[in-house]
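# Observations on the three-dimensional arrangement
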Amino acid sequence: RIAKAIHPEQDIRIENFRNTKIPEGRLDAVIGNVPFADLKLEHKGTKYSLHDYFFAKSLDALRPGGVLALVTSHFTMDKTNAAIREYLANQADFVGAIRLPSDAFKREGTSVVTDIVFLRKRGPAEPASHVDPNWLKIGELNVDGVPVPVNQYFLNHPEMVLGDWSRKDTLYGEGLSVISREPLADALQRAVSRLPTFSADSVSHETADPAPA
């Protein structure tokens, strides 16, 4: 409500994302922290877990060349069933991901492993160009003597994991945690600098909406 008062010219909505009607292929960017709950929602005839639903609906709203950056449960990247990653990969390029330490949201009273996932929507004729095609796959990591399924991207790029793997201080039966080694702001800034850069208007106006919402 404060944002609406300060920016009355902007389309600021106070509503459930499930009910939000967004024109597909129009947004320049999606930035957010998706909610976690044992809940499934339907999108285009398919039922998704709550955080996967946010990814699917958000990606469909992006224009070609638009970018997405969402904080999500590590299960988006780590679960063996790659259906949501394959759905995303069919429309967007995987730009990279950053695995945060488990205490990144300790002020909010939770200690869980989360990732920031970055995607770029492709144009209709663009070939796929993932930073690492292995982000669709799961590998196995030995953590304190126990094999744990971890996305192959993080095994290939350990510099994008902001801490040390551990099985201590885990919640919700995750069996995995990341213990920070340094202040989060410093580690995060360094990880972001490793992400690839590209032109914000890297898709021609023949395929991109010239007036995104």
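Residues numbered from 1 in each chain as written. Predicted model: local features only at pLDDT ≥ 70, side-chain atom pairs only at ≥ 80, totals over all residues. Heavy atoms only, no water.

## Details of the sheet that holds strand S6 (residues 114-121)
The 4 strands are arranged S1-S4-S6-S5 in an open sheet whose pairing can be described as mixed. A strand with exactly one partner marks an edge of an open sheet, and here the two such strands are strand S1 (27-33) and strand S5 (92-99). Across this sheet, the average inter-strand angle for adjacent strands is 10°, counted without regard to direction. Pairing of strand S4 (residues 62-73) with S6 involves 7 bridges; the strand directions are antiparallel. Considered in S6, the bridge of Val71 is made with Ile116. Across the sheet, helix H2 (residues 50-61) touches S1, S4, S5 and S6, and the angle it forms with S4 is around 165°. (Pairing = 2+ DSSP bridges. Helix = DSSP H or I, 4+ residues; strand = E, 2+ residues; numbered from the N terminus. Axes fitted to C-alpha atoms, helices over the stretch in contact; angles between N-to-C directions. Contact = heavy atoms within 4.5 Å.)

## Side note on empty space enclosed by the protein
Here the structure, examined in full by the defined rule, presents 1 cavity of 30 Å³ or more. Empty space within the largest cavity amounts to approximately 40 Å³. As for the largest cavity, its lining consists of Pro101, Leu162, Gly163, Ser180, Arg181, Glu182, Leu184 and Ala187. Across the lining of the largest cavity, the residue classes tally to 4 nonpolar, 2 polar and 2 charged. (1 Å grid on protein atoms, 1.4 Å probe; cavity = no way out; pocket = protein on both sides within 12 Å on 5 of 7 lines; lining within 4 Å. Points joined across faces, edges and corners; volume = space filled by probe spheres on them. Nonpolar A, V, L, I, M, F, W, Y, C, P; charged D, E, K, R; others polar.)

## Some details on the pattern of salt bridges
A complete count under the given rule lists 13 salt bridges for this structure. The partner of Asp52 in a salt bridge is Lys79, and the shortest N-O contact between them spans 2.2 Å. Here Asp52 is found in helix H2, whereas its partner Lys79 is found in the loop between helix H3 (75-78) and helix H4 (83-89), with 27 residues between them in sequence. For Lys79, a relative accessible area of 23% puts it in the partly exposed group. (Salt bridge = Lys/Arg side-chain N within 4 Å of Asp/Glu carboxyl O. Buried < 20%, exposed > 50% of the residue type's maximum accessible area, 1.4 Å probe, protein only.)

## Observations regarding the side chain of Thr76
Assignment of secondary structure puts Thr76 in helix H3. Since its relative accessible area comes to 2%, Thr76 is described here as buried. One polar contact links Thr76 to Thr72, side chain to side chain, over a distance of 2.8 Å. Here Thr76 is in contact with His51, Asp52, Phe55, Ile84 and Arg85, once residues within four sequence places are set aside. (Polar contact = N/O pair within 3.5 Å; in protein donor to acceptor, adjacent residues only side chain to side chain.)

## A short note on the confidence of the model for the protein
As a general rule, the predicted coordinates of low-pLDDT regions are not to be interpreted in detail. Averaged over the protein, the pLDDT score is 87; the fraction of residues at 70 or greater is 90%. Across residues 203-213 the pLDDT falls below 50, and counting only partners more than four positions away or on other chains, this stretch makes 19 contacts in the model. (pLDDT = per-residue confidence, 0-100.)

## Section: the nonpolar core
General note: in soluble globular proteins, nonpolar side chains tend to be found buried as a group. By size, the foremost hydrophobic cluster in this structure holds 49 residues, and its most contacted members are Met77, Phe94, Leu119, Trp135, Tyr153 and Phe154. With sequence-adjacent residues up to four places away left out, Tyr153 is seen in contact with Met77, Phe94, Gly96, Ala97, Val131, Asp132, Asn134, Trp135 and Met160. (Core = buried A, V, L, I, M, F, W, Y, C linked by side-chain atoms within 4.5 Å.)

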